[in-house]
Amino acid sequence: AGIGKCVALDLARRNARTILACRNQERGQVAVEEIRAATGNPAVLLRLLDTSSLASVRAFAQAVLQEEKRLDVLVNNAGLTGLPFTITPEELEKTFATNYLGPFLLTNLLLG
């Protein structure tokens, strides 16, 4: 939803192979289908990613590096705000992990 979906829609309109990295399978799949229908681009894919989990970030990055020949653009758009103080299973504060640590780790892992 929001800015991330708009960016993905624009990239798909430019005929780019576009990977939506989403926390929620159902919402992500709906977005993929809407973007494919709006653009006619079948190369819009869904991959699950929770940037609050460093294990999820590592698994996602490993899969992208194995499956994709190259990565031209990375848009880090995940973000949370206004949540009660929560600690992740990895003992990180959830908002900080989601908004900063996860995207930082993802970018560095994908740099190669």
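For the structure, see preceding data.
Reading the values: rules and limits
- Residues numbered from 1 in each chain as written.
- Predicted model: local features only at pLDDT ≥ 70, side-chain atom pairs only at ≥ 80, totals over all residues.
- Heavy atoms only, no water.
- Core = buried A, V, L, I, M, F, W, Y, C linked by side-chain atoms within 4.5 Å.
- Buried < 20%, exposed > 50% of the residue type's maximum accessible area, 1.4 Å probe, protein only.
- Helix = DSSP H or I, 4+ residues; strand = E, 2+ residues; numbered from the N terminus.
- Expected span 1.5 Å × (residues − 1).
- Arc of directions from axis to C-beta.
- Contact = heavy atoms within 4.5 Å.
- Axes fitted to C-alpha atoms, helices over the stretch in contact; angles between N-to-C directions.
- Left-handed = near helix turned anticlockwise from the far one by under 90°.
- Nonpolar A, V, L, I, M, F, W, Y, C, P; charged D, E, K, R; others polar.
- Phe/Tyr/Trp six-rings, centres within 6.5 Å; stacked < 30°, edge-to-face > 60°.
- Parallel < 35°, antiparallel > 145°, perpendicular 65-115°, else oblique.

Details of the nonpolar core
Then, number 1: With nine residues, the main nonpolar core is built from Ala8, Ala12, Leu20, Cys22, Ala31, Val32, Ile35, Val44 and Leu46.
Then, number 2: Looking at this core, the elements that each hand over two or more residues are helix H1 (2-13), strand S1 (18-22), helix H2 (25-39) and strand S2 (44-48).
Then, number 3: Counting residues per element, this core draws most heavily on H2, which supplies three residues.
Then, number 4: Of all hydrophobic cores here, the second largest spans eight residues; its members include Leu49, Phe60, Ala61 and Val64.

Looking at helix H3 (residues 54-67)
Then, number 1: The end-to-end C-alpha separation of H3 is 20 Å, in line with the 20 Å expected for 14 residues at 1.5 Å each.
Then, number 2: Those residues of H3 that sit buried are Ser56, Val57, Phe60, Ala61 and Val64. Projection of H3 onto a plane perpendicular to its axis shows the buried side chains occupying an angular sector of 130 degrees, all on one side.
Then, number 3: Summarising the contacts, the buried residues of H3 are in contact with S1, S2 and helix H4 (94-110).

Focus on the packing of H1 against H2
Then, number 1: Look at H1 against H2: their axes get within 9 Å of each other, and the N-to-C directions meet at 40 degrees. In this structure, the crossing between H1 and H2 has a hand that is right-handed. Taken together, the residues of H2 that come into contact with H1 (itself represented by Lys5, Ala8, Leu9, Ala12 and Arg13) are Ala31, Glu34, Ile35, Ala38 and Thr39.
Then, number 2: Its residues placed into classes, the contact of H1 with H2 shows six nonpolar, one polar and three charged.

Observations concerning the packing of aromatic side chains
Then, number 1: Evaluation of the coordinates by the stated rule reveals one aromatic pair.
Then, number 2: Ring plane angle 40 degrees and centroid distance 5.7 Å describe the contact between Phe96 and Tyr100, whose orientation is recorded as tilted. Here the residue Phe96 and the residue Tyr100 both occupy positions in helix H4, the gap between them amounting to four residues, near one helical turn.
Then, number 3: Phe96 sits in the partly exposed class, given a relative accessible area of 42%.
Then, number 4: Overall, the relative accessible area of 53% leaves Tyr100 in the exposed class.

Overview of the side chain of Thr88
Then, number 1: Among the secondary structure elements, Thr88 is positioned in the loop between H3 and H4.
Then, number 2: Thr88 has contacts with Ser52, Lys94 and Ala97, leaving out every residue within four places of it along the chain.

A look at the packing of H3 against H4
Then, number 1: At their nearest, the axes of H3 and H4 sit 9 Å apart, and the two run at 25 degrees to each other. Considered as vectors, H3 and H4 are oriented roughly parallel to each other. The chirality of how H3 crosses H4 is right-handed. Judged by residue contacts, Leu54, Val57, Arg58, Phe60, Ala61, Val64 and Leu65 of H3 engage Leu101, Gly102, Leu105, Leu106, Leu109 and Leu110 from H4.
Then, number 2: Taken together, the residues of the contact of H3 with H4 sort by class into 11 nonpolar, one polar and one charged.

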